[in-house]
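Chain residues, written in single-letter form:
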2 protein chains.
Amino acid sequence: MLSRAIRSSPKLPVTRSIVRTRHFSSLDLVPNEPAGPSVITDKVPGPEGIAASKEIDTFQDSRTHVIVPNYEESNGNYLIDADGNVLLDVFAQISSIALGYNVPALLELAKTDEFAKAAMNRPALGSFPPVQWAEWLKTGLLTVTPKGLDQLITTLCGSSANETAFKCSFMAYRQRERGGPEVAFTKEEMDSCMLNQTPGAPQLSVLSFKSGFHGRLFGSLSATRSKAIHKVDIPAFDWPAAPFPELKYPLDEHVKENEAEEKRCLEEYEKILVESKITRPVAAVIIEPILSEGGDRHASNDFFRQLRLIAKKHDAYFIVDEVQTGVGATGTFWAHEKWGLKQGEEPDFVTFSKKMQAAGVYHKKETRPNAPYRNYNTWMGDPIRALQAREMIKLIKQHDLVSHTAATGSSLASSFKSVFSSSVASGKVMNLRGEGDGTYLAWDMASPSLRDSFVGKMRVNGIQIGGCGDQTVRLRPMLTFGEKHAEILVSTTEKVLREL
Amino acid sequence: MLSRAIRSSPKLPVTRSIVRTRHFSSLDLVPNEPAGPSVITDKVPGPEGIAASKEIDTFQDSRTHVIVPNYEESNGNYLIDADGNVLLDVFAQISSIALGYNVPALLELAKTDEFAKAAMNRPALGSFPPVQWAEWLKTGLLTVTPKGLDQLITTLCGSSANETAFKCSFMAYRQRERGGPEVAFTKEEMDSCMLNQTPGAPQLSVLSFKSGFHGRLFGSLSATRSKAIHKVDIPAFDWPAAPFPELKYPLDEHVKENEAEEKRCLEEYEKILVESKITRPVAAVIIEPILSEGGDRHASNDFFRQLRLIAKKHDAYFIVDEVQTGVGATGTFWAHEKWGLKQGEEPDFVTFSKKMQAAGVYHKKETRPNAPYRNYNTWMGDPIRALQAREMIKLIKQHDLVSHTAATGSSLASSFKSVFSSSVASGKVMNLRGEGDGTYLAWDMASPSLRDSFVGKMRVNGIQIGGCGDQTVRLRPMLTFGEKHAEILVSTTEKVLREL
């Protein structure tokens, strides 16, 4: 159990944090959870899961299947699969379930007339918004606007949220070059854009960072630099990528080196911004607060603050991609809150999706396009996901789940530190990171194959955990993940490390 | 009323068709519709609608708002707005409502446990598909697979469906060049793609057609050639566009000219395919069966069949974009069914969204990528939209709504022909088209401003109708649109033309 790990390291303030989480009634939201994991098949997936995947494979690629869940039976932090295995889920559908499976309060919402009618009368929001649209957003998504950003464009997924921010940036950048919103497009611009040629289709770029992930559509994939298998064979825009610091852990033992590494990256970043001005100016910079798919890579708050200031200095808009980090799990509602950006230094765009279930872009009024129909499509989001987000935001606030997750994460970090400094982890685990970022903890395993074995063995031991990067294990539990779950997670990690 | 228009032209077989639609119980699906339109404010939108838009405009661009509906009260083919105006809706949320508002059978579905749990436990479908996933699709979306295409990738919207087809095409094209699925990527490919450079990010293209519309994201927008305002200031891929025939109407009076025009376009199309091989080979051709946003532009079945065969001849994949035309409203379930493609000539990809509510790409197993995670993202569609599609497909079949719509469209075309050949339309209306394409009728007005006046006056007279292209009016009614609605639509059109 967790207690064993903690007792071996009496200095760590684990118990206090764990006790503190009791004040937050996170488990009230998921009252019918199983008592713990239970694996009844020799392998996971078992025969039923394998048969279900095979059936799906007749019409859809099943090679990426992990397990085939029975969502009707799953509950809270526990996923139940086709074979009846009960797994503690700390991956949460690639970080996209905020509160848990079959949360009674959300099922209740789904059964309301309001929700049913919103689901079955899906509007073209840009032209025929429901009469309740302002109310739904003002009591929901607009109650968590990142500081300084009071405008919202809703979309259907994270990739399109990012591409919407790109489009806004390109339009605003060209508008500034043109001399303002009232300056008309030239005939040459209007004609050439129809041929995908300059000046109407300008040679501008989005700068992203190596190991960054921003989506899989053609614009977002051009900014994505996670893995070659995501990009190979797909035409891409000739956009630049700046280096992201490779920090050394534990941080307190590598202060100087890490400072130098961040400085190196900032210099290279600024150099690209300057040099691009001649060839393909950078209209926008996009960054994740924690580079997630790319291996849970962190940098200091000061590094991010410098990124923002340098972008401003070179007239590039600054997009913070909070698709994975947003909605409380890093210990603040938005991960970039920690950077300490001052008034006037706020990002120009913050994008979200995943745990919010709704997706979109928060921005400033100055980046609203100068003419209608420039950022427009049929659906422009989905009202039921806005309703779901509203309910989840209400519950997150009511149950103070952001503080709860900060506390849980802090205690969990201490427990892992203790386990990973013991002999069971020796030579197997390194670079524990994410302390202070809620439950967004991650560590590297000694090799990609060891990581894969670890993840597989965790599953057989009742934990659905995920990887990222080449050899990283990342935690992405829900906001209702608490003391009970942490104990199971840590003790199982210890057990599996021992077996590896 | 319709009868007046019909009586004036006794040769037209309108009555038979209208009587025939009575056999289809389309109205059983929407039993509580208002008896007809009713406009109670001087202008539409009225004061409540304007106030609602103003409130939304504090956080979201409202310049594209048409009306602000009260979806809770809307019913069947009738949209009720914030001011209580009752409008017959023949635009259907830009062609995305298949059966009507608040269809009892769909509201019932929304209230089931199955739907509620699917809504609130949204999976990462590529990795954790629900145990019912195969059943949901095999009894729904897979019962309407276009001939020859038994594979399905689900997505969230039409733009991403098209971009998924692009990605599949690029991968399959490069795989063929490489020598097969088992040939490994080179190190140079893997390294260069991370820098967005060739050969990993290849110089390949998608050929589309002038006036075509395929979406607003960066890949789909590069293929879109509808209007400059959709494209200006946005970087685009250097992809080619072929001319689409500008047919003259009525078709039977311009047979020779139209044949020559189609021949000219086919020659130019093939020339581009050949010439692109040197610079930026065309990996895929994408075409809508009716160019919708671009002004409801039609071509002959033979033209489309030739497009397909010429693409094959030059090794380009062939994507039919049925995002707007799919799901029965053109008188066949898929509009391209009419082309008469023989076995072995089927499209490689058919994309859908809008009226299906679910979105995705039907394709062949040979275009499944050779490795997992190449076409992958977090959600890969939404199970509740698959459930909704399943229910709608069931209802469409039960009520034979495709035949119903073919018959309604045929009678409607006759009625419009009659009205438009009378003095009220003289000098105002031209190029009625879409006969034989169900209710997908369209016509041009003498000028863009006349079109806009017409659409505005129709609204004040109780009809929500839409435009496209520069001066086109397009009909996009639901599949439950029938005789009663047609009478109102035709008589109101006649009245408004008289007033213009």
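Reading the values: rules and limits
- Residue positions are counted from 1 within each chain, in the order its sequence is given.
- Think of it this way: whatever chain is written first is A, whatever ligand is written first is 1, and the rest follow in order.
- Only residues with pLDDT of 70 or above have their local features reported here, since the model is predicted, and side-chain atom pairs are shown and tallied only from 80 upward, although totals for entire chains, interfaces and linings are computed over all residues.
- Only heavy atoms go into the side-chain values, all of them from the structure, while hydrogens and water stay out.
- Being paired, for any two strands, means DSSP has found at least two bridges between them.
- Per the convention used, a helix needs a DSSP run of H or I reaching at least four residues, while a strand needs a run of E reaching at least two, with both numbered from the N terminus.
- The copies were overlaid by least squares, fitting only the C-alpha atoms of residues that reach a pLDDT of 70 or more in each copy.
- The contact criterion used throughout is that any non-hydrogen atoms of two residues lie within 4.5 Å.
- Only rings of Phe, Tyr and Trp enter the pairing, Trp through its six-membered ring, and a pair is recorded when the two centres are within 6.5 Å. The plane angle decides the type: under 30 degrees is stacked, over 60 is edge-to-face, the rest tilted.
- Type-normalised accessible area, obtained with a 1.4 Å probe on protein chains alone, sets the label of each residue: buried when under 20%, exposed when over 50%, and partly exposed for intermediate values.
- To estimate the expected span of a helix, subtract one from its residue number and multiply by 1.5 Å.
- Per the annotation, domain bounds derive from an automatic or database assignment of domains.
- Accessible area, probed at 1.4 Å, shrinks when two parts are joined; the buried area is that loss added up over both.
- Here, a salt bridge means any Lys or Arg side-chain nitrogen found within 4 Å of an Asp or Glu carboxyl oxygen.
- We define a polar contact as two N or O atoms separated by no more than 3.5 Å, with the added condition that, inside protein, one atom must be a possible hydrogen donor and the other a possible acceptor, whereas residues neighbouring each other in sequence contribute only through side-chain atom pairs.

Time to look at the sheet that holds strand E8 (residues 349-352) of chain B. All names here are of chain B. A sheet is described by the order of its strands in space; here seven strands give the open sequence E3-E9-E8-E7-E6-E4-E5, paired in mixed fashion. The outermost strands of the open sheet, each flanked by one partner alone, are strand E3 (151-155) and strand E5 (241-242). Examined bridge by bridge, strand E4 (residues 205-209) and E5 share two bridges and lie parallel to one another. In the strand pairing of E5, Phe-209 is matched with Ala-242.

Another aspect to go through is the relation of the copies chain A and chain B. Overlay of chain A on chain B (RMSD 0.0 Å): rotation 180°, translation along the axis 0.0 Å. The transformation relating the two chain copies, once decomposed into turn and shift, fits a two-fold axis. Residue by residue, 100% of the interface of chain A is reproduced at the interface of chain B, so both copies engage with the same surface.

What follows deals with the packing of aromatic side chains. We describe a pair of aromatic rings using the distance from one ring centre to the other and the angle between the two ring planes. What the rule picks out here adds up to 51 aromatic pairs over all chains. Considering the side-chain rings of Phe-209 of chain B and Phe-244 of chain B, the 6.4 Å spacing of their centres and the 80° angle between planes classify their relative orientation as edge-to-face. Pair noted here: Phe-209 of chain B is in strand E4 and Phe-244 of chain B is in the loop between E5 and helix H12 (255-279), with a separation of 35 residues, a long-range link. Neither residue differs from the other here; Phe-209 of chain B and Phe-244 of chain B are each classed as buried. Between Phe-244 of chain B and Phe-304 of chain B, the aromatic rings sit 6.2 Å apart at their centres with planes inclined by 50°, giving tilted as the arrangement. On the criterion of sequence distance, the pair formed by Phe-244 of chain B in the loop between E5 and H12 and Phe-304 of chain B in helix H13 (residues 301-313) is long-range, its members being 60 residues apart. One aromatic cluster is present, built from ring pairs that chain together Phe-166, Phe-170, Phe-218, Phe-237 and Trp-239 of chain A together with Phe-166, Phe-170, Phe-218, Phe-237 and Trp-239 of chain B.

Note on helix geometry: an α-helix contains 3.6 residues per turn, so any two residues three or four positions apart are oriented the same way. Residues and elements named next belong to chain B. Spanning 13 residues, H13 covers 19 Å between terminal C-alpha atoms, matching the ideal 18 Å at 1.5 Å per step. Within H13, the full set of buried residues consists of Phe-303, Phe-304, Arg-305, Leu-307, Arg-308, Ile-310 and Ala-311. Looking at the packing, one finds that the buried side of H13 touches E4, H12, strand E6 (282-287) and strand E7 (317-321). One or two positions beyond H13, positive phi appears at Asp-315, with a value near 65°.

This next bit is on the domain arrangement of chain A. Note on interface size: it is often stated as the accessible area lost on association of the parts. Residues and elements named next belong to chain A. For chain A, the assigned domains read domain 1 (2-103 + 400-499) and domain 2 (123-381). Computed over C-alpha atoms only, the centres of domain 1 and domain 2 are separated by 30 Å. In total, about 1,900 Å² of surface goes out of reach between domain 1 and domain 2, with carbon and sulfur atoms giving 53% of it. Of all residues in domain 1, Val-402, Arg-433 and Tyr-440 give up the largest surface area on contact with domain 2, accounting jointly for 29% of the area buried on that side. Across the domain 1-domain 2 interface, the total number found is three salt bridges. Residue Asp-437 is joined to Lys-338 by a salt bridge in which the shortest nitrogen-to-oxygen separation is 3.1 Å. Here domain 1 and domain 2 share 18 residue pairs in polar contact (both at pLDDT 80 or more) between them.

Following the sequence through the fold, Glu-189 of chain A ends up in helix H9 (residues 187-193). A distance of 3.2 Å separates the side chain of Glu-189 of chain A from the side chain of Arg-178 of chain A, its partner in a polar contact. For Glu-189 of chain A, the side chain forms a polar contact with the main-chain nitrogen of Thr-186 of chain A, separated by 2.9 Å. Setting aside residues no more than four positions away along its own chain, Glu-189 of chain A makes contact with Arg-174, Arg-178, Pro-199 and Gly-200 of chain A together with Val-232 of chain B.

The two faces of the sheet receive side chains in turn, since in a regular strand these alternate between them. All names here are of chain A. Burial along strand E11 (residues 442-445) is two-sided: Ala-442 and Asp-444 and Trp-443 and Met-445, pointing in opposite directions, are all buried. Relative to E11, strand E10 (residues 429-433) runs antiparallel, the two sharing three bridges. Within the sheet, the bridge partner assigned to Arg-433 lies in E11 and is Ala-442. As paired elements, E11 and strand E14 (residues 472-474) share three bridges and run antiparallel to each other. Each bridged residue has a counterpart across the sheet, and for Ala-442 the counterpart in E14 is Arg-474.

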